[in-house]
Amino acid sequence: MSVTAIRETGHLPDLSRVPLVDEVGVEERSARFQTRSIKKESKVEALRMVLSMIDLTTLEGQDTPGKVQQLCQKAIHLHDAMPGLPHVAAVCVYPTMVGVAKKALGKNNIKVASVATAFPSGMAPRQIKLEETRIAVDEGADEIDMVISRGAFLQGDYGFVFDEIAAIREACGDAHLKVILETGELGTLDRVRRASVLAMHAGADFIKTSTGKIQPAATLPVTLVMLQAIRDYFYETGRMVGMKPAGGISSAKLAIHYLVMLRETLGAAWMTPAWYRFGASSLANDVLMQLRKQATGIYQSADYFSKD
Amino acid sequence: MAGSTSRVPVEKTYKIYIDGKFPRTESGRFFPLEDSDGEVIANICRGSRKDFRNSVVAARKAFPGWSSASAYLRGQIIYRIAEMLEGRREQFIAELHLQGLSKRRAKKEVDATIDRLIYYAGWSDKYQQVFSAVNPVSSSHFNFSVMEATGVVSVLAPNESSLLGLVSNIVPAIVGGNTCVVLASEEMPLCAVSFAEVLHAADVPGGVVNILTGYREELTGQFASHMDVNAIIYCDSDTDVAKEIEISAADNIKRVVNRTNTDWAQEKSQNPYLIKETQETKTTWHPIGS
């Protein structure tokens, strides 16, 4: 348990002392990231980096072992017509599919992430959430994506949310914990910032914007606020926390804007799959199409890329 | 309108038409359009390959909805385009005149364009019956062929016939359920932009028709090579250009439709075979008892 001991730095901080967010300033700053001109070689490198950071995701009620196996095949063979591509960081599935994914991925060094804690609503007793987390880890999940109890958070019961994250953290053992704030339900950027601080102090390895089931999901402003929280937390404690925007990032261009923002907010140290992920299902193919366009000069069609 | 009471002139900004919206080109470039006396009539967007790419994305997105809309609805919408154009006859006549046509020719062209729209609106629920077939086969199958829209069509509209030629190439494609990206006449682009406004007012869904202005030499290669375009229509008689189009189109085996040397004013330039040129034939073998 030594690993968890190190990660659990804290106790619940005084959230009233968390800096307030200047909403207009954040909007303007994030708009600025979209005006950077990224030219050819840098663009290709950025696209390859995006690929390596993708958590290829399927989280649907209609998921079957067959579909998950197919997704894993896609993760391993992104586009064999272009040799030398990096593989995605992880495959993200429901707990019942962890075993299937683990087996399908074999020794390919692609991680298995599992959502847990009554994803996506988080409306279940703690006991069940802990049990679900343990099951996912026992099945072989390398990473757990938990959701916070937004209801409790919104009614100000920060202690409850903090304890819950800390308890799940413990149940994860050696598995990495990503904490989903579901920013679309938090309402304001101030709350996003507060929830980020709370989650990091409770032991999150990653903070993640959204489940992908609620609109709005990841946006540039929300992600910027979370990155700033990570930066300040790092200055305060010396511990790096990862970031995962998820939901709604489906174009390569937008993904590059996110990387620009990451580079200019947290710096180069965070620019690896160990500290930054994209939760997405359709982003990979768009990136592949752009890479192919860069290689051939010809705009591509989705018809020539495997769906999953 | 002389003296102190004269109004400040309100000049129209000619923009491009992508996904049901009227943006300027993302490149920010433009070129001045001059009349025969060298006077600048308007600044025209010099569309870029990225505008083209965005248009293809819009056209692809619009395709499932438009191709599955009922023939009746497509016919109604195309009839509506004619109605809207009828209401703006004077504007189009004036624009053609401004670009060098005589008043008489301009009027004739606008009238012919409206009539052409009506002509193809009528074909919307008929071409299937003409081109579909029940085929004789020597096995226990009911075998039939129907027409299906090919997908996204890129159109290099004729340079000379800037309104009638434009419409004569767009409409047969869309009446058959295709969506399209069009490059307007380089020398006479005004009517194409105004026609986009007519399309917009006629409830043609965004993305079904996308109209760009710009340099032909710069954009032809993109129109021909894009992997997500299923057919290309061109009217250019230059054999080098034709060769370039044919070679680039081969990568994803686009349909290449060559409409060189067509006199769009003639009656015989409107016929259902133009619809068929952007259709695929789907044949079904359905088992039946002997």
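For chain A, the helix and strand inventory stands at 12 helices and eight strands. Taking 2.2 N^0.38 as the reference for a compact globule, 308 residues should give roughly 19 Å; the C-alpha atoms of chain A span a radius of gyration of 19 Å, in line with that estimate. Reported as C-alpha extents along the three principal axes, the dimensions of chain A are approximately 55 × 45 × 35 Å. Counting only residues that meet the buried cut, chain A has 53% of its 308 residues in that class. Long-range contacts, defined as pairs at least 24 residues apart, comprise 77% of the intrachain contacts of chain A with a sequence gap of at least 6. In the form shown here, chain A has an accessible surface area of approximately 13000 Å², with 52% of it arising from carbon and sulfur atoms. Charge centroids of chain A, computed over 35 positive and 34 negative side chains, lie 6 Å from each other.

Residue and element names in this part refer to chain A. Counted under the stated rule, the structure contains one cavity of 30 Å³ or more. What the largest cavity holds in volume is close to 40 Å³. Together, Leu56, Leu71, Lys74, Ser281, Ser282, Ala284, Asn285, Lys307 and Asp308 line the largest cavity. Listing elements by their share of the lining of the largest cavity, those giving two or more residues are helix H4 (65-76) and helix H12 (283-296). Split by residue class, the lining of the largest cavity holds three nonpolar, three polar and three charged.

Soluble globular proteins tend to bury their nonpolar side chains together. Core analysis: the biggest nonpolar cluster contains 91 residues, and Ile165 and Phe278 of chain A have the highest contact counts within it. Sequence-distant contacts of Phe278 of chain A, defined by excluding residues within four places in its chain, comprise Val50, Met53, Ile54, Asp55, Lys244, Pro245, Ile249, Ala255, Tyr258, Leu259 and Leu283 of chain A. Core analysis: the second largest hydrophobic core is formed by 55 residues, Ile78, Tyr120, Ala157 and Ile275 of chain B among them.

Residues and elements named next belong to chain B. Across the sheet, which stays open at both edges, the three strands sit in the order E3-E4-E10 with antiparallel pairing between neighbours. The two strands at the open ends of the sheet, each matched to only one other strand, are strand E3 (133-135) and strand E10 (279-287). Ignoring strand direction, the axes of neighbouring strands in this sheet form an average angle of 30 degrees. Strand direction decides the pairing type here: E3 and strand E4 (residues 141-149), joined by three bridges, are antiparallel. Among the inter-strand pairings, Val134 is bridged to a residue of E4, identified as Phe144.

Residue and element names in this part refer to chain A. The omega torsion across Phe119 and Pro120 is 0 degrees, close enough to zero to call that bond cis. The topology assignment puts Pro120 in the loop between strand E3 (111-116) and helix H6 (126-139). Between Gln215 and the following residue, Pro216, the backbone shows a cis peptide bond with an omega angle of -5 degrees. Its place among the elements puts Pro216 in the loop between strand E6 (206-208) and helix H10 (220-237). Its identity as a non-glycine residue notwithstanding, Ala118 has a phi of 55 degrees, on the positive side. Inspection of the secondary structure assignment puts Ala118 in the loop between E3 and H6.

This paragraph deals with helix H5 (residues 98-105) of chain A. Residue and element names in this part refer to chain A. Among all positions in H5, only Val98, Ala101 and Leu105 are buried. Burial along H5 is one-sided: seen end-on, the buried residues are contained in an arc of 65 degrees. In the segment just after H5, Gly106 is the residue with positive phi, at about 55 degrees.

Criteria and cut-off values
- Residues numbered from 1 in each chain as written.
- Chains lettered and ligands numbered in written order.
- Predicted model: local features only at pLDDT ≥ 70, side-chain atom pairs only at ≥ 80, totals over all residues.
- Heavy atoms only, no water.
- Helix = DSSP H or I, 4+ residues; strand = E, 2+ residues; numbered from the N terminus.
- Rg over C-alpha atoms; globule rule 2.2 N^0.38 Å.
- Buried < 20%, exposed > 50% of the residue type's maximum accessible area, 1.4 Å probe, protein only.
- Contact = heavy atoms within 4.5 Å.
- Areas by Shrake-Rupley, 256 points an atom, 1.4 Å probe, with all protein chains shown as cover.
- Lys, Arg positive; Asp, Glu negative; His and termini not counted.
- Charge placed at Lys NZ, Arg CZ, Asp CG, Glu CD.
- 1 Å grid on protein atoms, 1.4 Å probe; cavity = no way out; pocket = protein on both sides within 12 Å on 5 of 7 lines; lining within 4 Å.
- Points joined across faces, edges and corners; volume = space filled by probe spheres on them.
- Nonpolar A, V, L, I, M, F, W, Y, C, P; charged D, E, K, R; others polar.
- Core = buried A, V, L, I, M, F, W, Y, C linked by side-chain atoms within 4.5 Å.
- Pairing = 2+ DSSP bridges.
- Axes fitted to C-alpha atoms, helices over the stretch in contact; angles between N-to-C directions.
- Arc of directions from axis to C-beta.

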